[in-house]
Every structure is written in structure tokens, then in C-alpha cells.
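# Structural description and commentary
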Amino acid sequence: MQQTELKIEGMSCENCVAHVTKALQAVPGVQSAEVQLEAGRAHVRHENADVPAMLAAIDDAGYEAEVA
């Protein structure tokens, strides 16, 4: 199991957290995503998931992300 920490910009409420969580969980290989609004971070546990695909999923959801 791998773990990746992502920095996310543009989240302002719990609905944003839900959108980012849903986007990350839709990426093949992602086992779980813990998104923290105040920290602007997501802790993702995954197995062979493509990090660029995670970043693209967050971008498609309307937020900006990078590996922390």
C-alpha cells in the first residue's frame, strides 16, 4: 500500500471536501482519501494508482492540486 500527500487549493467548504474525496476515490487503485479542509490537504492510500491521474481528477472537479 502506498501513501501520497496532496496539497489542494480552492476548497472553501465541506461540499468541496466531498467533491475532492469523490474524485479521488474514482481513480483506479485508490483505496481511501482523507481530505482536510483547513489544512488544504488530502492523504491518499492507494495501490498502483497513477498520481497524475489523481491530480487530473482533482483538476476536473474544479480544484488545483500538487504533490505535497
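Residues numbered from 1 in each chain as written. Predicted model: local features only at pLDDT ≥ 70, side-chain atom pairs only at ≥ 80, totals over all residues. Heavy atoms only, no water.

## Considerations on unusual backbone geometry
At Asn48, a position not held by glycine, the phi torsion is positive, near 60°. Here Asn48 is to be found in the loop between β3 (41-46) and α2 (51-60). (Helix = DSSP H or I, 4+ residues; strand = E, 2+ residues; numbered from the N terminus.)

## Some remarks on the sheet that holds β3
On the basis of which strands lie adjacent, the open sheet formed by 4 strands has the order β2-β3-β1-β4 and antiparallel pairing. Of all the strands in the sheet, the pair left with one neighbour each is β2 (30-36) and β4 (64-67). On average, adjacent strands in this sheet sit at an angle of 25° to one another, irrespective of strand direction. Bridge count for strand β1 (residues 2-9) against β3 is 6 bridges, and the pairing is antiparallel. Counted as the bridge partner of Thr4 is Val44 from β3. Sheet contacts for helix α1 (residues 14-25): β1, β2 and β3; angle to β2, the most-contacted strand, approximately 160°. Against the sheet, α2 makes contact with β1, β2, β3 and β4, and its axis sits at roughly 160° relative to β4, the strand it touches most. (Pairing = 2+ DSSP bridges. Axes fitted to C-alpha atoms, helices over the stretch in contact; angles between N-to-C directions. Contact = heavy atoms within 4.5 Å.)

## Thoughts on the environment of Lys22
For Lys22, the position within the fold is in helix α1. A relative accessible area of 63% means that Lys22 is categorised as exposed. (Buried < 20%, exposed > 50% of the residue type's maximum accessible area, 1.4 Å probe, protein only.)

## Brief notes about the nonpolar core
Core analysis: the largest hydrophobic core is formed by 19 residues, its most contacted members being Met11, Val20, Leu24 and Met54. Counting only elements with at least two residues in this core, the list comes to β1, α1, β2, β3 and α2. Examining the composition of this core, we find that 5 residues originate from one element, α1, more than from any other. Apart from the residues lying within four places of it in its own chain, the contact partners of Met54 are Leu6, Leu24, Val27, Val30, Val44, His46 and Ala49. (Core = buried A, V, L, I, M, F, W, Y, C linked by side-chain atoms within 4.5 Å.)

## Here's the deal with the side chain of Thr21
Examined against the element boundaries, Thr21 turns out to sit in helix α1. A residue is classified by how much of its surface remains accessible, and Thr21, at 17% relative accessible area, is buried. Every residue in contact with Thr21, bar those within four places of it in the chain, is listed here: Ala33 and Val35.

## A short note on α1
With 12 residues, α1 extends 16 Å from end C-alpha to end C-alpha; this agrees with the ideal 16 Å at 1.5 Å per step. Taken as a whole, α1 has its buried residues at Cys16, Val17, Val20, Thr21, Ala23 and Leu24. For α1, the arc enclosing every buried residue in end-on projection is 165°, short of the 170-degree limit, so these residues lie on one face. Those residues of α1 that are exposed and aimed more than 90 degrees away from the buried face are Glu14, Asn15 and Lys22. (Expected span 1.5 Å × (residues − 1). Arc of directions from axis to C-beta.)

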